[in-house]
Amino acid sequence: QVQLVESGGGLVQAGGSLRLSCAASGSIFRINAMGWYRQAPGKQRELVARVTLGDNTDYVDSVKGRFTISRDNAKNTVYLQMNSLKPEDTGIYYCNAEGLRFMHTRFNSWGQGTQVTVSS
């Protein structure tokens with residue numbers, strides 16, 4: 001099993017900043033990619049940002065220039081620095097990790113989610 005534990009969500013005013021963290025633990029041989037998804041009320045879950053083992057990053061257009069994803073491979077941790085937050089950034093943010101366990105079986109795990117609320 002691979003577990004993901006998120007932290008850092010909360011309530012912030014528009015224009016403010018938050019930093020999300022997600023730590024992976026368990027039987028991990030290698031994490032190929034880690035990412036953040038979000039789900040707003042009444043909407044589908046969408047990819048916000050993703051970073052690969054080679055530090056290639058991908059962002060949804062609506063957060064480019066405001067959010068930065070980074071990872072600490074030694075700690076199996078991914079971060080999402082969110083600046084200039086807007087009310088439309090409100091939602092539950094989920095961490096995702098995919099890779100290989102020991103014995104080289106694949107995993108694709110999700111965190112429990114952390115609420116981000118941006119007030120106008």
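Described below are features of the structure shown in this document. (Residues numbered from 1 in each chain as written. Predicted model: local features only at pLDDT ≥ 70, side-chain atom pairs only at ≥ 80, totals over all residues. Heavy atoms only, no water.)

Moving on, we get to the sheet that holds strand β3 (residues 18-26). As summarised here, the arrangement of the 4 strands in space is β1-β3-β8-β7, forming an open sheet in which the pairing is antiparallel. Both outer strands of the open sheet, β1 (2-7) and β7 (67-72), are each paired with one neighbouring strand and no more. Averaged over all pairs of adjacent strands, the angle between their axes in this sheet comes to 15°, without regard to strand direction. Of the strand pairs in this sheet, β1 and β3 are connected by 6 bridges, and their pairing is antiparallel. (Pairing = 2+ DSSP bridges. Helix = DSSP H or I, 4+ residues; strand = E, 2+ residues; numbered from the N terminus. Axes fitted to C-alpha atoms, helices over the stretch in contact; angles between N-to-C directions.)

The two faces of β7 differ: Phe-67, Ile-69 and Arg-71 on one face are buried, but Thr-68, Ser-70 and Asp-72 on the other face are not. Of the strand pairs in this sheet, β7 and strand β8 (residues 77-82) are connected by 6 bridges, and their pairing is antiparallel. The residue of β8 that forms the bridge with Asp-72 is Thr-77. (Buried < 20%, exposed > 50% of the residue type's maximum accessible area, 1.4 Å probe, protein only.)

A word on the environment of Ser-21. Tracing the backbone shows Ser-21 in strand β3. Here the alpha-carbon distance between Ser-21 and Ser-7, two residues 14 residues apart in the chain, equals 5.3 Å. If sequence neighbours within four positions are ignored, Ser-21 has contacts with Val-5, Glu-6, Ser-7, Trp-36, Val-78 and Tyr-79. (Contact = heavy atoms within 4.5 Å.)

One finds Trp-36, Leu-80, Met-82 and Tyr-93 to be the most contacted residues of the largest nonpolar core, which totals 28 residues. Looking at this core, the elements that each hand over two or more residues are β1, β3, β4 (30-39), β5 (46-52), β7, β8, β9 (91-100) and β11 (114-119). With 4 residues, β3 is the largest single contributor of residues to this core. Dropping the residues within four chain positions of it, Leu-80 is found in contact with Leu-18, Arg-19, Leu-20, Trp-36, Val-48, Ala-49, Phe-67, Thr-68, Ile-69 and Tyr-93. (Core = buried A, V, L, I, M, F, W, Y, C linked by side-chain atoms within 4.5 Å.)

A word on the pairing of β3. Relative to β8, β3 runs antiparallel, the two sharing 6 bridges. Within β8, the position partnered with Leu-18 by the bridge is Met-82.

This paragraph deals with the side chain of Glu-6. Mapping Glu-6 onto the fold places it in strand β1. A distance of 3.1 Å separates the side chain of Glu-6 from the backbone nitrogen of Gln-112, its partner in a polar contact. Only 2.5 Å separates the side chain of Glu-6 from the backbone nitrogen of Gly-113, close enough to count as a polar contact. With sequence-adjacent residues up to four places away left out, Glu-6 is seen in contact with Ser-21, Cys-22, Trp-36, Tyr-93, Tyr-94, Cys-95, Gly-111, Gln-112, Gly-113 and Thr-114. (Polar contact = N/O pair within 3.5 Å; in protein donor to acceptor, adjacent residues only side chain to side chain.)

Now for unusual backbone geometry. Its identity is not glycine, yet Asn-76 carries a phi of approximately 50°, on the positive side. Structurally, the position occupied by Asn-76 is in the loop between β7 and β8. The phi angle at Ser-84 is positive, at roughly 50°, despite the residue not being glycine.

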